Amino acid sequence: MLSLLWIQAGACSGDSMALLSAESPDLLQALEALHIEILWHPSLSTVSLAFVAEPILAGERPLNILVIEGAILTGPDGTGMFDTFQGKPRKDFVLNLCEQADVIVAVGTCAAFGGIPAAHPNPTDAVGMQFLREELEGGLLEAGWRSKKGLPVINLSGCPVHPNTVLQTLAFVATGAKLELDHLHRPAEFYETLVHQGCTRNEYHEYDVEETRLGTAGCMFFNLGCQGPRTIATCNAILWNGQSSKTRAGVPCFGCTSPSFPRPEDLFVTEKLGSVPTRLPLGVDRAAYMSYKGLAAAAVPLRLTNRKTKF
């Protein structure tokens, strides 16, 4: 059996709650199939974390997988005393566990990049495990740090992460299969498509049918702050509860898998330069995009302009 220890640091328990909602297989079925034993999890365990951690830190019990949920709070003044465990900085506790673990997985944008706790003005000096927001450094561990298995921290960003992404990543780790990571140390298997791909509002975007209010059927990129064309995630490929996503429910994508999440601006407003968003879809040339949009708007089908309110 492989051992897994799940630690929560500075954030909510959203990733745990999402994982507990896994289906086909559910969490327990998946762990049984992968021969993974959870040594401790804040929502599942009845014994104390200290009781479980003591033999691991002493080198008497192996730790195969260490999962971190939540940002690491390093304040005030680098002491880490904003978040403690048994009267000592939790950051030091996590550091010691990292030295014992074969593989470390950061679940959630907070653990990967700092997320919401690290947003300006970052009063608790929150950081991710290896990164701090858009910087490829500044985390709890140095950028070049590697685990016993020679891997950097595997980042599963999202707010929260889809349970399938967590379980499938654990499957890669448990079976020893090669896991390709992108430049942000995220598994390329789950971080290579845009939220825009698979979005049911794609056709509206292509024909420049852009909405100005929520609760309508058109695209929300130009006016309502949607980050779908700029965000790498599987939200419209692997649906939540097998049936939905933010954009399918009429809510703009907030870009929660990105290192810069949350953005320091209104989530429901698109910043523009003239009539065009200042941040265009990934990989798009501004001049070509503006020309294309003008032509598309002139050719929009009546079935799109005559649409009825969706909600």
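Before going into details, it helps to say that this report is about the structure given with it. Counting restarts for each chain, with residues numbered from 1 along the sequence as it is written. Under the rules for a predicted model, residues below a pLDDT of 70 receive no local features and side-chain atom pairs below 80 are neither given nor counted, while totals for whole chains, interfaces and linings still include all residues. Only hydrogens and water are set aside when side-chain values are computed; all heavy atoms of the structure are taken into account.

A closer look at the overall build of the protein
Secondary structure elements are defined from DSSP: runs of H or I of at least 4 residues count as helices, runs of E of at least 2 residues count as strands, and each element is numbered from the N terminus. Counting its regular elements, the protein contains nine helices and 13 strands. Its C-alpha radius of gyration of 21 Å places the protein within 12% of the 19 Å reference for a compact globule of 311 residues. Its C-alpha atoms give the protein principal-axis dimensions of roughly 70 × 45 × 30 Å. Contacts were defined at the residue level, with two residues in contact if any of their heavy atoms lie within 4.5 Å. Sequence separation of at least 24 residues holds for 68% of the intrachain contacts in the protein that already meet a minimum separation of 6. Of the roughly 14,400 Å² that the protein leaves accessible, carbon and sulfur atoms contribute 54%. Neither His nor the chain termini are counted; the positive set is Lys and Arg, and the negative set is Asp and Glu. One atom stands in for each charge, and that atom is NZ of Lys, CZ of Arg, CG of Asp or CD of Glu. The averaged location of the 31 negative side-chain charges in the protein is 8 Å from the averaged location of its 24 positive side-chain charges. Only C-alpha atoms enter the radius of gyration, while the globule expectation follows 2.2 Å times N to the 0.38, with N the number of residues. Per-residue and other accessible areas follow the Shrake-Rupley method at a 1.4 Å probe size, with only the shown protein chains counted as cover for residues.

So, the packing of helix H3 (residues 49–57) against helix H4 (residues 90–100)
Every angle, taken between N-to-C directions, lies between 0 and 180 degrees, and every axis is a line fitted to C-alpha atoms, over only the stretch in contact when it is a helix. Close contact between H3 and H4 brings their axes to 10 Å; oriented N to C, the two are set at 45 degrees. Here H3 is positioned oblique relative to H4, judged by the angle of their axes. Helix-helix and strand crossings are classified by hand; for H3 and H4 the assignment is left-handed. The segment H3 lies against H4, with Leu49, Ala53, Ile56 and Leu57 engaging Phe93, Asn96, Leu97 and Gln100. Looking at the contact of H3 with H4, its residues break down into six nonpolar, two polar and no charged. An angle counts as roughly parallel when it lies under 35 degrees, as roughly antiparallel when it exceeds 145, as roughly perpendicular when it falls between 65 and 115, and as oblique in every other case. A crossing counts as left-handed when the near helix is turned anticlockwise from the far one by less than a right angle, and as right-handed when that turn is clockwise. Any residue outside Ala, Val, Leu, Ile, Met, Phe, Trp, Tyr, Cys, Pro, Asp, Glu, Lys and Arg is labelled polar, Gly included; the first ten of those are nonpolar and the last four are charged.

Things to note about the nonpolar core
Side-chain atoms within 4.5 Å are what join buried Ala, Val, Leu, Ile, Met, Phe, Trp, Tyr and Cys residues into a set we call a nonpolar core. Exposure is judged per residue with a 1.4 Å probe applied to protein chains only, and the accessible area is read against the type maximum: over 50% gives exposed, under 20% gives buried, and values in between give partly exposed. Core analysis: the largest hydrophobic core is formed by 34 residues, its most contacted members being Leu5, Ile7, Leu66, Ile68, Ile104 and Met129. If we skip the residues at most four places from it in the chain, Met129 touches Ile68, Ile72, Val94, Cys98, Ile104, Ala106, Ala111, Ala112, Gly139, Leu140, Leu141 and Val153. One finds Leu19, Val105, Leu156 and Ile232 within the second-largest nonpolar core, a separate group that totals 26 residues.

Details of the pairing of strand E1 (residues 2–8)
The buried fraction of E1 amounts to five of the seven residues, a majority that puts the element mostly inside the structure. Only strands that DSSP links by at least two bridges are regarded as paired with each other. Sheet analysis places E1 next to strand E2 (residues 36–40), joined by four bridges and oriented parallel. For Ser3, the partnering residue across the bridge sits in E2 and is Glu37. Relative to strand E3 (residues 63–69), E1 runs parallel, the two sharing five bridges. Within the sheet, the bridge partner assigned to Trp6 lies in E3 and is Val67.

A look at the sheet that holds E3
Ordered in space as E2-E1-E3-E7-E11, the five strands form an open sheet in which the pairing is parallel. A single partner strand is all that each edge strand has here, and the edge strands are E2 and strand E11 (154–156). Across this sheet, the average inter-strand angle for adjacent strands is 25 degrees, counted without regard to direction. With six bridges connecting them, E3 and strand E7 (residues 101–107) associate as parallel partners. In the strand pairing of E7, Glu69 is matched with Val107.

Some remarks on the pattern of salt bridges
Here a salt bridge means any side-chain nitrogen of Lys or Arg lying within 4 Å of a carboxyl oxygen belonging to Asp or Glu. One pass over the structure, following the stated rule, counts nine salt bridges. Between Glu271 and Arg279 there is a salt bridge whose closest N-O contact spans 4.0 Å. The exposure class assigned to Glu271 is partly exposed, which follows from its relative accessible area of 40%. Each of Arg263, Glu265, Glu271 and Arg279 takes part in salt bridges that share partners, so that together they form one network.

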